[in-house]
Amino acid sequence: DLDGQARPDIVYTTESNGVKVFISKGAIYYQWKKRNSQKQPLNESIIAQSIPSKDAEIFRLDMCLENSNTSAKVIAGQKSEYYENFYLSNCPQGITNVPAFSRLTFQNVYPQIDWVLYSKNGKMEYDFIVHPGGNPNQISIRYKHAGSVERNKEGNLNIVTRLGELVEGSPISFIAETGKSIKSNFS
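None of these values were measured; they are calculated from a predicted model.

Rules used throughout
- Numbers given for residues are sequential positions, taken from 1 along each chain in its written order.
- Local features in this predicted model are restricted to residues whose pLDDT is 70 or higher, and side-chain atom pairs enter the listing and the counts only when it is 80 or higher, whereas totals over whole chains, interfaces and linings include all residues.
- By convention in this description, side-chain values take in all heavy atoms of the structure and omit both hydrogens and water.
- Secondary structure elements follow DSSP: runs of H or I of four or more residues count as helices, runs of E of two or more count as strands, with numbering from the N terminus.
- Relative accessibility decides the category of a residue: with a 1.4 Å probe and only protein chains considered, values under 20% of the type maximum give buried, values over 50% give exposed, and everything between is partly exposed.
- Any two residues having at least one pair of non-hydrogen atoms within 4.5 Å are treated as being in contact.
- In these tables, accessible area is a Shrake-Rupley quantity obtained with a 1.4 Å probe, and a residue counts as shielded only by the protein chains included in the view.
- Values of pLDDT, which run from 0 to 100, indicate the predictor's confidence residue by residue.
- Any two strands with at least two DSSP bridges between them are considered paired.
- Between N-to-C directions, angles cover 0 to 180 degrees, with each direction set by a line fitted to C-alpha atoms, over the stretch in contact for helices.
- Just to be clear on terms, a salt bridge is a Lys or Arg side-chain nitrogen sitting within 4 Å of an Asp or Glu carboxyl oxygen.
- The term polar contact refers here to a pair of N or O atoms within 3.5 Å; inside protein, the definition further demands a hydrogen-donor-capable atom paired with an acceptor-capable atom, and it admits residues adjacent in sequence only when both atoms are side-chain atoms.
- Stacked, tilted and edge-to-face pairs are distinguished by plane angle, under 30 degrees for stacked and over 60 for edge-to-face with tilted covering the rest, among Phe, Tyr and Trp rings (Trp via its six-membered ring) whose centres lie within 6.5 Å.

Trainee: Looking at this model, I keep getting lost on the overall build of the protein chain. Mind explaining?
Mentor: Helix and strand counts for the protein chain come out as one helix and 14 strands. Split into buried and exposed, the 187 residues of the protein chain put 28% on the buried side. A separation threshold of at least 6 residues defines the contact pool for the protein chain, and within that pool the share at least 24 residues apart is 44%. Taken as a whole, the protein chain presents about 12200 Å² of accessible surface, with 48% of it coming from carbon and sulfur.

Trainee: In this structure, what is going on with the confidence of the model for the protein chain? I would like to understand it.
Mentor: Fine structural detail should not be taken from predicted coordinates in areas where pLDDT scores are low. Of all residues in the protein chain, 88% attain a pLDDT of 70 or more, and the chain-wide mean is 82. Mean pLDDT per element in the protein chain: helix 1 (residues 44-48) is the minimum at 39, and strand 9 (residues 141-144) is the maximum at 93.

Trainee: Can you walk me through the sheet that holds strand 8 (residues 123-130) in this structure?
Mentor: Across a sheet, strands are paired by hydrogen bonds formed along the backbone, either parallel or antiparallel in direction. Pairing is antiparallel in the open sheet, where four strands are placed in the order 5-6-7-8. Every other strand in the sheet has two partners, leaving strand 5 (73-88) and strand 8 as the edge strands with one partner each. Here the average twist between neighbouring strands, direction ignored, is 30°.

Trainee: What should I look at first to understand the pattern of salt bridges in this one?
Mentor: Two side chains with opposite charge may pair up if their charged atoms get near one another. Counted under the stated rule, the structure contains three salt bridges. Arg60 is paired through a salt bridge with Asp62; the nearest N and O atoms lie 2.7 Å apart. In this structure, Glu66 and Arg142 form a salt bridge, with 2.8 Å as the shortest nitrogen-oxygen distance. Separated by 76 residues along the polypeptide, Glu66 in the loop between strand 4 (56-65) and strand 5 and Arg142 in strand 9 bring together distant segments of the chain. We classify Glu66 as partly exposed; its relative accessible area is 23%. The class for Arg142 is partly exposed, based on a relative accessible area of 37%.

Trainee: Would you explain the pairing of strand 4 in this entry?
Mentor: In the case of a regular strand, side chains alternate between the two sheet surfaces. Among the ten residues in strand 4, eight count as buried, and that is most of the element. The pairing of strand 3 (residues 27-35) with strand 4 spans nine bridges and is antiparallel. The partner of Gln31 across the bridge, within strand 4, is Arg60. In terms of strand pairing, strand 4 meets strand 9 through four bridges, oriented antiparallel. What sits directly across from Leu65, in strand 9, is Ile141.

Trainee: Mind showing me how you'd approach the side chain of Asn156 here?
Mentor: Locating Asn156 in the fold gives a position in the loop between strand 10 (148-151) and strand 11 (157-160). Side-chain polar atoms of Asn156 contact the backbone nitrogen of Ser170, separated by 2.7 Å. Residues within four places of Asn156 in sequence aside, it is in contact with Glu150, Arg151, Val167, Glu168, Gly169 and Ser170.

Trainee: Before we go on, may I ask you to explain the packing of aromatic side chains in this structure?
Mentor: What characterises a pair of aromatic rings is the spacing of the ring centres plus the angle enclosed by the ring planes. Using the criterion set out here, one finds six aromatic pairs in the structure. Plain terms: the ring middles of Trp115 and Tyr126 are 6.4 Å apart, the flat faces sit at 70° to each other, and that makes the pair edge-to-face. Taken together, the positions of Trp115 in strand 7 (residues 113-120) and Tyr126 in strand 8 put the pair eleven residues apart, joining distant regions of the chain. The same class applies to Trp115 and to Tyr126, which are both buried. Ring centres 5.8 Å apart and planes at 80° place the aromatic pair Tyr126 and Phe128 in the edge-to-face group. Through a chain of ring-to-ring contacts, three or more aromatic side chains come together here, namely Phe106, Trp115, Tyr126 and Phe128.

Trainee: Honestly, the sheet that holds strand 3 in this entry has me stumped. Any pointers?
Mentor: Spatially, five strands are ordered 1-2-3-4-9 in an open sheet, and the strand pairing comes out antiparallel. A single partner strand is all that each edge strand has here, and the edge strands are strand 1 (10-16) and strand 9. Across this sheet, the average inter-strand angle for adjacent strands is 20°, counted without regard to direction. Bridge count between strand 1 and strand 2 (residues 19-24): six bridges; the pairing is antiparallel. Within strand 2, the residue paired with Thr14 across the bridge is Val21.

See the structure below:
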């Protein structure tokens, strides 16, 4: 975390378009980092301590699955050929040769509903798979720390923060076996 403490709730991390993404069972945390001056080197220790600095500003947006199962089983899929190494203050010897995956499935994040996160065209996307007996009305997403959350005329959500914007595409729903479309939208 920003205080240099281990976060056992974070199960995976990635980065996309300059935004650091932390994934937990039931939430995604987006972190923007903006350098305030291009002339001075970025002081990572100041950022890690969450102390205001002339070097950089950070901002975190939380996307939380309300009332979800935070004990959901996680299945990592589509293993990449490369590995990552992490050197953190709480483990200076490093965590090395960590495999990378392009797909995560959180089974039964809601009863009979799986949450699948994956990489598509260099962007992170997610789906909810509603199995027989699952109730899609249980799916509830809350954004914490957003400046505004608005639905545009295309049905997308525009989530604005002071350091960046996140756009959630309008939901697409269908019956897997038949491909029949089901009307859905953010509300």
